[in-house]
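# Topology and contacts: notes
Residue strings, one per chain:
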Amino acid sequence: MPDARRGPGRLLVAVYGVFAISATARSAVQIVSRFGDAPVAYLLSALAALVYVVATVALARDALRLALVACGIELVGVLVVGTWSLAAPEAFPDATVWSVYGQGYGFVPLVLPVVGLWWIRRVSTRQRSVRSGPGARWRPRPP
Amino acid sequence: MHDTVASILIGASLLLAAWCLVYVALDRRLDNPLFYGLAAIEVALVAQLVGGSIALANTTREVDGASFIGYLLTALLILPGAVVWSVAEKSRWGTAVLVVACLVVAVMVVRMQQIWAGGA
């Protein structure tokens with residue numbers, strides 16, 4: 001059975017893990033040390049961190065539906081926050097992971113959800129074809 | 001924080017990232033020489049944690065201590081975590097995990113230097 005953790009998925013989970021750790025750490029430092037300075041930016045940082053953690057765990061446990069939701073929110077988040085941070089920079093006195101489409105992280109936050117969604121789609125398509133394809137209930141006779 | 005140690009760490013991590021990348025291209029897995037290389041980086045990171053903590057305790061400058069120690073501690077988790085995650089995958093993608101881990105260590109040491117120098 002195809003599995004989200006196999007092959008390229010191994011690398012994808014690792015990259016998600018890095019973002020989960022760094023976004024969580026960054027958000028924790030921001031909220032603990034200076035929450036009052038930029039509450040909106042810091043709450044969005046916390047949301048981003050949560051989404052990365054959920055996406056990492058879901059992909060690492062092959063929970064495709066949850067991973068799909070997390071990557072979807074992530075893509076929407078990076079697009080909305082990226083646009084918002086360009087349109088109203090004063091709302092973001094301090095950067096979040098998603099500011100300017102993840103510029104501070106080499107735009108990886110913009111690419112990651114797209115790759116994630118593509119990978120989830122590919123794995124789930126393969127899982128369906130294994131379930132319903134030949135060999136599931138029916139085996140071809142040897143010639 | 002000791003600049004020489006940090007520079008050696010950054011150089012060594014980048015070198016190991018390149019080594020892992022060659023392995024990805026050759027479709028090879030983690031082997032003993034590569035493992036020893038990663039272990040050497042890990043030992044240097046432990047030394048960095050000890051040295052960095054002592055330097056932080058003795059400095060009179062304004063340094064973001066929580067972030068600094070946070071980076072020093074988190075950096076220790078990257079390579080062991082990556083090795084555990086990568087060995088279960090018997091393809092080149094397992095080795096690719098190590099490429100990312102080495103690059104992350106290099107970036108984290110750069111960030112530690114920036115935090116130590118003040119600013120950002």
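Residues numbered from 1 in each chain as written. Chains lettered and ligands numbered in written order. Predicted model: local features only at pLDDT ≥ 70, side-chain atom pairs only at ≥ 80, totals over all residues. Heavy atoms only, no water.

## Description of the overall build of chain A
As a reminder of what qualifies: Helix and strand labels come from DSSP, where a helix needs a run of H or I of at least four residues and a strand needs a run of E of at least two; each type is numbered from the N terminus. Each radius of gyration reported is based on C-alpha atoms, and the globular scaling rule is 2.2 Å times the count of residues to the power 0.38. Type-normalised accessible area, obtained with a 1.4 Å probe on protein chains alone, sets the label of each residue: buried when under 20%, exposed when over 50%, and partly exposed for intermediate values. Residues scored as positive are Lys and Arg, those scored as negative are Asp and Glu, and His as well as the terminal groups of each chain are ignored. Working definition for charges: the position is that of NZ of Lys, CZ of Arg, CG of Asp or CD of Glu.
The helix and strand inventory of chain A stands at 4 helices and 0 strands. Starting at the N terminus and walking to the C terminus, you meet the elements of chain A as α-α-α-α. For 143 residues, the compact-globule formula gives about 15 Å, and the C-alpha radius of gyration of chain A, at 19 Å, lies well above that figure. The principal-axis extent of the C-alpha atoms belonging to chain A is close to 75 × 25 × 20 Å. A total of 143 residues make up chain A; the buried ones form 41% of that total. Counting 15 positive and 6 negative side-chain charges, chain A places the centres of these two groups 23 Å from one another.

## Notes on the overall build of chain B
The condition that has to hold: Note on areas: Shrake-Rupley, 1.4 Å probe, and residue coverage restricted to the protein chains presented here.
A count of helical and extended segments in chain B gives 4 helices and 0 strands. Listed N to C, the secondary structure of chain B is α-α-α-α in terms of helices and strands. By the compact-globule yardstick of 14 Å for 120 residues, chain B fits well, its C-alpha radius of gyration being 15 Å. For chain B, the proportion of its 120 residues judged to be buried stands at 42%. As presented, chain B carries roughly 6,000 Å² of accessible surface, and 71% of it is formed by carbon and sulfur atoms. Measuring between centres, the 6 positive side-chain charges of chain B sit 9 Å from its 7 negative side-chain charges.

## Topic: the nonpolar core
Across soluble globular proteins, you tend to see nonpolar side chains buried next to one another. Just so we agree on the cut-off: Residues enter a nonpolar core if they are buried and are Ala, Val, Leu, Ile, Met, Phe, Trp, Tyr or Cys, with the set joined through side-chain atoms within 4.5 Å. Residue contacts are counted whenever heavy atoms from the two residues lie within 4.5 Å of one another.
Judged by nonpolar contacts, the single largest core of 69 residues is most densely connected at Tyr16(A), Tyr52(A), Leu59(A), Trp98(A) and Leu45(B). Elements with a contribution of two residues or more to this core: α1 (8–34), α2 (39–60), α3 (64–87) and α4 (108–132) of chain A together with α1 (3–26), α2 (32–58), α3 (65–87) and α4 (92–117) of chain B. In contact with Tyr52(A), not counting residues within four places along its chain, are Tyr16(A), Phe19(A), Ala20(A), Ala23(A), Glu74(A), Val97(A), Trp98(A), Pro109(A) and Leu112(A).

## Describing a nonpolar patch on the surface
All names here are of chain A. In plain terms, the rule: Like-charged residues within 9 Å of one another, or nonpolar side chains (Val, Leu, Ile, Met, Phe, Trp, Tyr) within 5 Å, are grouped into patches, provided each residue has over 30% relative accessible area and no salt bridge. The term salt bridge refers to a side-chain nitrogen of Lys or Arg lying within 4 Å of a carboxyl oxygen of Asp or Glu.
On the surface, Val40, Val76, Val80 and Trp84 cluster together into a nonpolar patch covering about 340 Å² of accessible area. Residue contributions to the nonpolar patch peak at 3 residues, all from α3. One can find valine 80 in helix α3.

## Comments concerning the side chain of Ser67(B)
For Ser67(B), the location among the structural elements is in helix α3. Residue Ser67(B) is classed as buried on the basis of its relative accessible area of 12%.

## Quick word on the interface of chain A and chain B
Filter applied, for reference: Using a 1.4 Å probe, buried area is obtained as the accessible area two parts lose upon being combined, added over both of them. Residues are grouped as follows: Ala, Val, Leu, Ile, Met, Phe, Trp, Tyr, Cys and Pro are nonpolar; Asp, Glu, Lys and Arg are charged; every other residue, Gly included, is polar.
Between chain A and chain B, the residue contacts involve 13 residues of the former and 11 residues of the latter. Note on chain A versus chain B: buried area summed over both sides is about 1,100 Å², and carbon and sulfur give 73% of it. On the chain A side of the contact with chain B, Arg10(A), Leu11(A) and Val18(A) bury the most area, a combined 47% of that side's loss. Inspection of the chain A/chain B interface yields 1 salt bridge. For the salt bridge of Glu89(B) with Arg6(A), the shortest nitrogen-to-oxygen distance reads 3.1 Å. Among the residues making up the side of chain A that touches chain B, the classes are represented as 9 nonpolar, 1 polar and 3 charged.

## Considering the pattern of salt bridges
Under the defined criterion, the tally for this structure stands at 5 salt bridges over all chains. Arg5(A) is the partner of Asp3(A) in a salt bridge, and the nearest nitrogen-oxygen pair spans 2.9 Å. Here Arg28(B) makes a salt bridge to Asp31(B), at a shortest N to O gap of 3.3 Å. Given a relative accessible area of 40%, Arg28(B) falls into the partly exposed group. Linked through salt bridges whose partners overlap, the residues forming this network are Asp27(B), Arg29(B) and Arg92(B).

## Quick look at the side chain of Glu89(B)
All names here are of chain B. For clarity, the cut-off: Here a polar contact is recorded for every N or O atom pair within 3.5 Å, except that within protein the pair must consist of a potential hydrogen donor and a potential acceptor, and residues adjacent in sequence are included only if both atoms are side-chain atoms.
Position of glutamate 89 among the secondary structure elements: in the loop between α3 and α4. Accessibility expressed as a relative area gives 7% for glutamate 89, which makes it buried. A polar contact of 2.7 Å, which involves the side chain of glutamate 89, links it to the side chain of serine 91.

## Remarks on the packing of aromatic side chains
Heads up, the condition is: Centre distance within 6.5 Å is the pairing criterion for rings of Phe, Tyr and Trp, where only the six-membered ring of Trp is used; planes under 30 degrees apart are then read as stacked, over 60 as edge-to-face, and the remainder as tilted. Two conditions define a charge located above a ring, namely a distance within 6 Å from the ring centre to NZ of Lys or CZ of Arg, and an angle within 35 degrees of the ring normal.
In this structure the tally under the stated criterion is 9 aromatic pairs over all chains. On the basis of an interplanar angle of 45° and a centroid distance of 6.1 Å, the ring pair of Trp118(A) and Trp119(A) is categorised as tilted. Overall, Trp118(A) belongs to the partly exposed group, its relative accessible area being 46%. Judged by its relative accessible area of 4%, Trp119(A) falls in the buried class. Joined through ring pairs, the aromatic side chains of Tyr16(A), Phe19(A), Tyr52(A), Trp98(A) and Tyr105(A) make up one cluster. Its end group placed over the ring of Tyr23(B), Arg28(B) keeps NZ or CZ at 4.6 Å from the ring centre. The cationic tip of Arg61(B) hangs over the ring face of Trp116(B); the distance from NZ or CZ to the ring centre is 5.1 Å.

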